[in-house]
Amino acid sequence: MRGLCVGTVVESLSDKYKPGDTVVGMFGWQGYLVLNEDDTHLTKVPDIPGVPPVAWLGPFGSAGLTAYFGLLKIGNPQPGQTVLVSGAAGAVGSIVGQIAKIKGCRVVGTAGTEEKCQKLIEKFGFDAAINYKTAKNLSDEIREACPNGVDVFFDLVGGHILDTALRRIN
């Protein structure tokens, strides 16, 4: 199966890649791979002490970039504002919430299980979480969790949650 993967160069005849280098690219989920350096898009990533290579697939990869630029450059949250994140327990949403907290915002997330909602609060530092699957009235729950309205809505799911959240936008 192909996908975005991270790997360690074991052996190389290339001047671009040396054994021990960490690389990210689109290749198969497999133990070993033989590549021509021009056959695929590989990116050599730096070795940062304390950061596992898999971080290049999440917070240092496309999920982190999406969260960072989407929230800070498009959403532009200000301290004291309320940020609502749909799909908050996923890779992008969990990072969005943490960045919003760093910026001094109240952060509310939606997720589809009680376990995910608990994780949003306890692990990722969200102020509140709404289980959209068990909510009797999603609009009321958003109103309760965001009493001053929603200043920034970071939408990762669309549909009913988007429609409902837009009614609470300041």
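Along each chain, numbering runs from 1 in the same order as the chain's sequence is written. Two thresholds apply to this predicted model, a pLDDT of at least 70 for residue-level local features and 80 or more for giving and counting side-chain atom pairs, whereas whole-chain, interface and lining totals are computed over all residues. Side-chain metrics in this entry use all non-hydrogen atoms of the structure; hydrogen atoms and water are not considered.

Numbering of helices and strands starts at the N terminus; helices are DSSP runs of H or I of at least 4 residues and strands are runs of E of at least 2. Considering the arrangement of structural elements, one finds Pro53 in the loop between strand S3 (42-45) and helix H1 (62-75). Each C-alpha atom, one on Pro53 and one on Thr22, is 7.0 Å from the other, the two residues being 31 residues apart in sequence.

If you check the backbone angles, Asn76 has positive phi at about 50° while not being a glycine. As for its position among the elements, Asn76 is in the loop between H1 and strand S4 (82-85). Under the relative-accessibility criterion, Asn76 is labelled partly exposed at 45%. Using a 1.4 Å probe on the protein chains alone, a residue whose accessible area is under 20% of its type maximum counts as buried, one over 50% counts as exposed, and one in between counts as partly exposed.

So, about the nonpolar core. Ranked by internal contacts, the top residues of the largest apolar core, which has 21 residues, are Leu71, Val83, Val85, Val96 and Phe126. For this core, the secondary-structure elements that each account for two or more residues are H1, S4, helix H2 (91-102), strand S5 (106-111), helix H3 (114-122) and strand S7 (152-154). Examining the composition of this core, we find that five residues originate from one element, H2, more than from any other. Look past the residues within four positions of Leu71 in its chain and what remains in contact with it is Thr66, Asn76, Pro77, Val83, Val96, Ile99, Ala100, Val152 and Phe154. Only buried Ala, Val, Leu, Ile, Met, Phe, Trp, Tyr and Cys residues count toward a nonpolar core, and they belong to the same one when joined by side-chain atoms within 4.5 Å. Counting residues in hydrophobic clusters, the runner-up holds 13 residues, among them Ala128, Ala135, Ile142 and Ile161. The contact criterion used throughout is that any non-hydrogen atoms of two residues lie within 4.5 Å.

The subject of this paragraph is a nonpolar patch on the surface. A cluster of nonpolar side chains, namely Leu65, Tyr68 and Phe69, defines an oily patch on the protein surface of about 290 Å² accessible area. Overall, the relative accessible area of 40% leaves Phe69 in the partly exposed class. The patch calculation keeps residues exceeding 30% relative accessible area without a salt bridge and links them within 9 Å when they carry like charges or within 5 Å when they are nonpolar (Val, Leu, Ile, Met, Phe, Trp, Tyr). For accessible areas, the Shrake-Rupley method is used with a probe of radius 1.4 Å. Any residue's cover is judged against the shown protein chains and nothing else. For salt bridges, the criterion is a side-chain nitrogen of Lys or Arg within 4 Å of an Asp or Glu carboxyl oxygen.

Here we take up the sheet that holds strand S2 (residues 22-28). Pairing is antiparallel across the open sheet formed by three strands, whose spatial order is S1-S2-S3. The open sheet has two free edges, formed respectively by strand S1 (2-8) and S3, since each of these has just one partner strand. The sheet shows a mean angle of 30° between the axes of neighbouring strands, direction not considered. Pairing of S2 with S3 involves four bridges; the strand directions are antiparallel. Should DSSP find at least two bridges between two strands, the strands are taken to pair. Lines are fitted to the C-alpha atoms to define the axes, a helix being fitted only along its stretch in contact, and any angle between axes, read from their N-to-C directions, falls within 0 to 180 degrees.

Note that all results are geometric; they support no functional claim without further evidence.
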